[in-house]
Amino acid sequence: MTALDQYIRLEAVGRWRERSGEPWQEVLVSFGNSSLILSDFNEAALTHWALAAITISDQNSAQTLFAPDIESDETLEITDREMIDAIAKTTALARAARTPKPRRSRLKPFVYLSLLACVLAGIVYLPAMLRERAFKIIPPERAALIGSELAERLAGDQCKYQPGQDALAQIQRRVDVAEKPPLVLRAQRPLFARLPGGQLLLSSTLIETAQTPEALAGWLILANQREQEETVLYRLIEGKSALAATSFLFSGEIRDNDKIWMFNALPETETRPEPSEIETIRARLAQSGIAETPFLKDLLTRFPNFELLRPTGREEPGRDMMPDQSWVALQSICAGL
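Because the structure is predicted, anything quoted here is derived from the model rather than measured. (Residues numbered from 1 in each chain as written. Predicted model: local features only at pLDDT ≥ 70, side-chain atom pairs only at ≥ 80, totals over all residues. Heavy atoms only, no water.)

**A short note on the packing of aromatic side chains**
- Counted under the stated rule, the structure contains 3 aromatic pairs.
- The interplanar angle of 75° and the centroid separation of 5.2 Å between the aromatic rings of W219 and F295 together place this pair among those described as edge-to-face. Of this pair, W219 sits in helix α6 (residues 213-225) while F295 is found in helix α11 (residues 293-302), placing the two residues 76 residues apart along the sequence. Each member of the pair, W219 together with F295, is buried.
- Ring centres 6.5 Å apart and planes at 40° place the aromatic pair W219 and F303 in the tilted group. Of this pair, W219 sits in helix α6 while F303 is found in the loop between α11 and α12 (324-331), placing the two residues 84 residues apart along the sequence. (Phe/Tyr/Trp six-rings, centres within 6.5 Å; stacked < 30°, edge-to-face > 60°. Helix = DSSP H or I, 4+ residues; strand = E, 2+ residues; numbered from the N terminus. Buried < 20%, exposed > 50% of the residue type's maximum accessible area, 1.4 Å probe, protein only.)

Structure below.
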C-alpha cells in the first residue's frame, strides 16, 4: 500500500520522544510508501513507523499523541490538524490492506480430504506415539527402582544356594554381562528375561536342563542383550489406552495395580530369539574363548524349528568354563540349602 496521493508530499512539525521521561525533540513528519517518517531538520531520518501499526495514545482538541504500536513507549505529538487527519486515513488504509479478504477456492475439496486424512492418521498413529513417548520419559533410575520392586515381589521364589550363585557369577564374569547377579527363580517360565533397569532373570528350568556351562553362557548373553523395549515395563505402557498413556505423561505414576500386572506378565516376556541375536551370541562366545556348539544344540532342543545360520567353524572346545563340582552346584542352585 502507498500513502494517499494527496498526502505523499505532506509534511508537518511535531514533537517526539523515544521513551517516556526523556526530553521532547522537534521533528519533521512525512509519509513514505508504507511508513511514517520522523526526521530531524537536516532531513536525516530518526525512525520509521509502520502505518498499519500506528495507534493513538491520547487525543484532545489541541493535539494528538501517536505511538508506533500498542506496546511501545515511544510518542509523537502532532498539533497540525491536516497531518492528524492524514495519519488517521493512511493508517486505516494500511490496516485494510493487511486484512486477508475471503475468496472462493477450488482447493476446498482437496483441503477437506487432507484434513480428513490427518484426522484418520491421528486416530491410527497418535495412541502409539503417546505410548512411545510415555515410555521414553521414564528415567533409568526410575526403571531400576521398578525392577528392584519386582525383584522384591519375587524374593520368595528366588534360588539362593551360595555355591550355585558363585558358579553362576563365574560364567557371568567370563562373558562380561550385567553388573548385578542374575536372579534365579523356581519357575519354568520365563526361561530368561531382563527386568526394568537391566537385572537379568533366569528360570531354574533353564539352569537345570542346560547340558553344559557353555550352553548356559549363551543364554546369559542372549538375556543381557535384550533391550528395555522387551521388558514388562514397556509392555505395560504399550498396553495402555491413549487416555491412560496421556495421563501417565503428565503424572509419571506407576500405580500398585500396574506393578501387579508386570509381576503377572513376567512369564510372557520370553520371546523366540532372532537370527541376528544368535549371530551376536556366537561372536561373543568366540570372543570369550567359549565353544558355540553346546549353546546351538541347546537352542535347537528348546526351539526345534529354529533355522541356524551357516556354521562358522567355531566348534572346537574352548577353555574349561569351571570345575565339575562348581557346575553341579550351579545346577543344584534351587535344591541346595
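Back to the write-up after that little detour.
**A closer look at the pattern of salt bridges**
- Scanning the model with the defined rule gives 5 salt bridges in all.
- The residue E77 makes a salt bridge to R15 at a minimum N-O spacing of 2.9 Å. One end of the pair, E77, is in strand β7 (residues 75-78); the other, R15, is in strand β1 (residues 11-17), and 62 residues separate them in sequence.
- The salt bridge partner of E22 is R19, with a shortest N-O separation of 3.3 Å.
- With a relative accessible area of 45%, R19 lands in the partly exposed category. (Salt bridge = Lys/Arg side-chain N within 4 Å of Asp/Glu carboxyl O.)

On their own, these measurements won't tell you what the molecule is for.
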